[in-house]
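Listed here are the chains, written in short residue letters.
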Number of protein chains: 2
Amino acid sequence: MDWGLLDRYAKSLIKEAGHKIRVSFFSEIEIDSKASANDLVTNIDRQVEQFFIRKIKNDYPDHKILGEEGFGDVVRTLDGVVWLLDPIDGTMNFIHQKRNFAISLGIYVDGIGVLGYIYDVVNDELYHAIKDGGAYLNDERLPYLSSIPLSEAIIGLNASWVAPNQYMDHKKTIELVQSCRGTRSYGSAAIELAYVSTGRLNSYISMRLSPWDIAGGMVIASEVGAVATNLKGEKQQLLGQDTFIVAVPSLHKDILDNYISLKE
Amino acid sequence: MDWGLLDRYAKSLIKEAGHKIRVSFFSEIEIDSKASANDLVTNIDRQVEQFFIRKIKNDYPDHKILGEEGFGDVVRTLDGVVWLLDPIDGTMNFIHQKRNFAISLGIYVDGIGVLGYIYDVVNDELYHAIKDGGAYLNDERLPYLSSIPLSEAIIGLNASWVAPNQYMDHKKTIELVQSCRGTRSYGSAAIELAYVSTGRLNSYISMRLSPWDIAGGMVIASEVGAVATNLKGEKQQLLGQDTFIVAVPSLHKDILDNYISLKE
């Protein structure tokens, strides 16, 4: 496999998809809800996923595609080449804000992330990485992340995880909020992974993410020295929902050891 | 007073200050802390405030200036023309992210907001309003905000207000988090007021803000039909810290009536 060629191919699809999304701002968007009232999807999410699938199936017919909107393959294993795609990560922001969403794409080979992309469409900021080849914002290399103590760290953490919830002891989460420098919440895992990868956030934590939310960002974060696992500290499982934390190693360990207590 | 002239004058100062801030990205920033370890200030905050004060004192010597960094006047009443200025609202973001901060400026006459500005420096987005003259993003008029039920509303609310705190019953805040469509937190009151004024957020709530954080944004929000008060539902007091909520009237009332319980 010529990874450089696949990288250029993926980028060209992402840029074309971004253009389609920007054009969609000029027409009425159709909004539906999925599993719950606040789990939103639009005709644009669907059209963009279908665009990717049509292209990839034509040009790389042996690759598998796991897409958020379900138009791809039924993927039961990560054997071979698998594209993990979220055509619009942060659909609620896309609808309400027309910003703060991204195209998120990871290309994995036998379960290993080889190429990763986060495209902040509105800001025309493309974050990408090739395994062992570094991470980039547009074409500028992202520096390796420095260690930072929790007391100086800004953490991406939504208020809903500080309220009592089914996933973890929220009292420990409250201690985390009170021990760090500050928290932020942007409503898109891909955007928050891009923020961690550029040091704008020092960690991002979520109780429930899907493979397509994080597959691209994990490749990028890894190339700048961040560690991404589930909240048990185990390798992220990429065939279903899981908990999530990403941070530089010392902060990752501090948070997991001292501020996360999962219910089970 | 020629308000059109003062508006053009204020805009030219803001744009020049924004340029100074962008240029500062190319040199080392000096960081100090103020009242607490996480209450940060930089040499750039100070320089930008001093730039404004020097200009205003020269050109409008009878105007008073209340600035975050304390180089302005000792302002004990809002009589006359008072400039309420935060040279960099979101200093922590300025330091950590080099984005998501703003210049915030309100010009008040006898306590009434007449001109308001929020300048998102990095995105070159200037929000402004003239009392009874409408609100604008760059030079595009912002539409009047529509009503929205809480169940469809996105609220700007930091995780720290969902943790037990000295200001309000956090159990009610938890109910609010669980009753709205979602929460976000951007770490700059001015940016969050700009978001509410453009409908990207439907409300923004904070337990502790200073006059310069909100003076500009309140003029803008008012011109698109939002109501801003403290969390008792009273007129914001602009000579000291206060609680804060902004939203369209029906949502403002719903949140205050049903989800805010202040400790006193």
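Residues numbered from 1 in each chain as written. Chains lettered and ligands numbered in written order. Predicted model: local features only at pLDDT ≥ 70, side-chain atom pairs only at ≥ 80, totals over all residues. Heavy atoms only, no water.

Describing the overall build of chain A
- A tally of helices and strands in chain A yields seven helices and 14 strands.
- The C-alpha atoms of chain A give 18 Å as radius of gyration, which agrees with the globular expectation for 264 residues (18 Å, within 12%).
- Seen along its three principal axes, the alpha-carbon backbone of chain A occupies a region of about 50 × 40 × 35 Å.
- Burial analysis of chain A (264 residues in total) assigns 60% to the buried set.
- Taking the contacts inside chain A whose residues are at least 6 apart along the sequence as the reference set, 61% of them involve residues at least 24 apart.
- Surface summary for chain A: the accessible area is close to 10400 Å², and the carbon and sulfur share equals 47%.
- Looking at charge distribution, chain A has the averaged site of its 26 positive side-chain charges lying 1 Å from that of its 35 negative ones. (Helix = DSSP H or I, 4+ residues; strand = E, 2+ residues; numbered from the N terminus. Rg over C-alpha atoms; globule rule 2.2 N^0.38 Å. Buried < 20%, exposed > 50% of the residue type's maximum accessible area, 1.4 Å probe, protein only. Contact = heavy atoms within 4.5 Å. Areas by Shrake-Rupley, 256 points an atom, 1.4 Å probe, with all protein chains shown as cover. Lys, Arg positive; Asp, Glu negative; His and termini not counted. Charge placed at Lys NZ, Arg CZ, Asp CG, Glu CD.)

Details of the pairing of strand β7 (residues 125–130) of chain B
Residue and element names in this part refer to chain B.
- When you tally the buried positions in β7, you get five out of six residues, the bulk of the element.
- Here strand β6 (residues 112–120) runs beside β7; their pairing, made up of six bridges, is antiparallel. Paired with tyrosine 117 across the strands is histidine 128, a residue of β7.
- As paired strands, β7 and strand β8 (residues 134–137) are joined by four bridges and run antiparallel to one another. Bridge pairing in β8 links isoleucine 130 to glycine 134.
- With antiparallel pairing between neighbouring strands as the criterion, β7 and β8 make up a hairpin whose turn holds three residues, including aspartate 132 at a positive phi of roughly 65 degrees. (Pairing = 2+ DSSP bridges.)

So, the relation of the copies chain A and chain B
- Mapping chain A onto chain B is achieved by rotating through 180 degrees and translating by 0.0 Å along the same axis, at an RMSD of 0.0 Å. Seen this way, the second copy is the image of the first under a two-fold rotation axis.
- Of the residues that chain A buries at the interface, 100% are likewise interface residues in chain B, meaning the two copies contact each other through the same surface. (Least-squares fit on C-alpha atoms with pLDDT ≥ 70 in both.)

Things to note about the confidence of the model for chain A
- On average, chain A scores 96 in pLDDT, and the residues at 70 or more come to 100%.
- What the predictor reports for the complex is a pTM of 0.96 with an ipTM of 0.95. (pLDDT = per-residue confidence, 0-100.)

Focus on the side chain of arginine 200 of chain A
- Looking at where arginine 200 of chain A falls in the secondary structure, it is placed in the loop between α5 (189–197) and β12 (203–209).
- Of the side chains with opposite charge, glutamate 125 of chain A comes closest to the buried, unpaired arginine 200 of chain A, at an N-O distance of 4.6 Å.
- In this structure the side chain of arginine 200 of chain A is engaged in a polar contact, spanning 3.0 Å, whose partner is the side chain of tyrosine 127 of chain A.
- In this structure the side chain of arginine 200 of chain A is engaged in a polar contact, spanning 3.3 Å, whose partner is the side chain of threonine 198 of chain A.
- Beyond its immediate sequence surroundings of up to four residues, arginine 200 of chain A is in contact with Tyr127, Leu137 and Tyr195 of chain A together with His96, Gln97 and Arg99 of chain B. (Salt bridge = Lys/Arg side-chain N within 4 Å of Asp/Glu carboxyl O. Polar contact = N/O pair within 3.5 Å; in protein donor to acceptor, adjacent residues only side chain to side chain.)

Regarding the sheet that holds strand β6 (residues 112–120) of chain A
All names here are of chain A.
- With mixed pairing, the seven strands of this open sheet are ordered in space as β3-β4-β5-β6-β7-β8-β9. One side of each edge strand has no neighbouring strand; the edge strands of this open sheet are β3 (64–67) and β9 (140–141).
- Summarising the sheet, strand β8 (residues 134–137) and β9 pair through two bridges and their orientation is antiparallel. Counterpart to tyrosine 136 in the pairing with β9 is arginine 141.
- Strands in contact with helix α1 (residues 3–24) are β4 (81–89), β5 (102–109), β6 and β7 (125–130); relative to β6, the strand with the most contacts, it is inclined by about 30 degrees. (Axes fitted to C-alpha atoms, helices over the stretch in contact; angles between N-to-C directions.)

Considerations on the packing of aromatic side chains
- Enumeration over the complete set of coordinates arrives at 19 aromatic pairs over all chains.
- Residues phenylalanine 25 of chain A and phenylalanine 101 of chain A carry aromatic rings whose centres are separated by 6.3 Å and whose planes lie at 85 degrees to one another, so their mutual orientation is edge-to-face. Highlighted residues: phenylalanine 25 of chain A in the loop between α1 and β1 (31–33) and phenylalanine 101 of chain A in the loop between α3 (91–96) and β5, separated in sequence by 76 residues.
- By the ring-pair criterion, three or more aromatic residues cluster together here, those being Tyr186 and Tyr195 of chain A together with Tyr186 and Tyr195 of chain B.
- Directly above the ring of tyrosine 195 of chain B sits arginine 200 of chain B, whose terminal nitrogen or CZ lies 4.8 Å from the centroid. (Phe/Tyr/Trp six-rings, centres within 6.5 Å; stacked < 30°, edge-to-face > 60°. Lys NZ or Arg CZ within 6 Å of the ring centre and 35° of its normal.)

Some remarks on the nonpolar core
- Residues Phe52 and Trp83 of chain A together with Phe52 and Trp83 of chain B are the most contacted members of the largest nonpolar core, which totals 194 residues.
- Beyond its immediate sequence surroundings of up to four residues, phenylalanine 52 of chain B is in contact with Leu13, Ile14, Ala17, Leu85 and Ile103 of chain B. (Core = buried A, V, L, I, M, F, W, Y, C linked by side-chain atoms within 4.5 Å.)

Considering the pairing of β6 of chain A
All names here are of chain A.
- Within β6, eight of the nine residues are buried, which leaves the element mostly enclosed by the surrounding structure.
- In this sheet, β6 lies alongside β5 in antiparallel orientation, the contact comprising seven bridges. Bridge pairing in β6 places tyrosine 108 opposite glycine 113.
- The loop that links β5 with its antiparallel partner β6 comprises two residues; one of these, aspartate 110, has a positive phi angle of about 50 degrees.
- As consecutive antiparallel partners, β6 and β7 are separated by four residues, and within that stretch aspartate 124 has a phi angle of approximately 50 degrees, a positive value.

Details of the sheet that holds strand β11 (residues 182–184) of chain B
Residue and element names in this part refer to chain B.
- Pairing is mixed across the open sheet formed by five strands, whose spatial order is β11-β10-β12-β14-β13. Since the sheet does not close on itself, it has two edges, and those belong to β11 and β13 (227–229), each with one partner. Adjacent strand axes in the sheet meet at a mean angle of 15 degrees when their direction is disregarded.
- Summarising the sheet, strand β12 (residues 203–209) and strand β14 (residues 242–247) pair through five bridges and their orientation is antiparallel. In the strand pairing of β14, serine 206 is matched with phenylalanine 244.
- Where helix α5 (residues 189–197) meets the sheet, its contacts fall on β10 (154–156), β11, β12 and β14, and the angle it forms with β12 comes to roughly 155 degrees.

Quick word on the interface of chain A and chain B
- Tallying the contact residues gives 38 residues for chain A and 38 residues for chain B.
- Carbon and sulfur atoms supply 46% of the area buried between chain A and chain B, which totals about 3000 Å² over both sides.
- Three residues, His96, Arg99 and Arg181 of chain A, lead the burial of chain A against chain B; their summed loss comes to 22% of the area buried on that side.
- The tally of links between chain A and chain B comes to two salt bridges.
- Among the ionic pairs, glutamate 125 of chain B bridges to arginine 99 of chain A, the shortest N-O distance being 2.9 Å.
- On the surface where chain A and chain B come into contact, there are 17 residue pairs in polar contact (both at pLDDT 80 or more).
- A class-by-class count of the residues in the side of chain A that touches chain B yields 17 nonpolar, 15 polar and six charged. (Buried area = accessible area lost by both parts, 1.4 Å probe. Nonpolar A, V, L, I, M, F, W, Y, C, P; charged D, E, K, R; others polar.)

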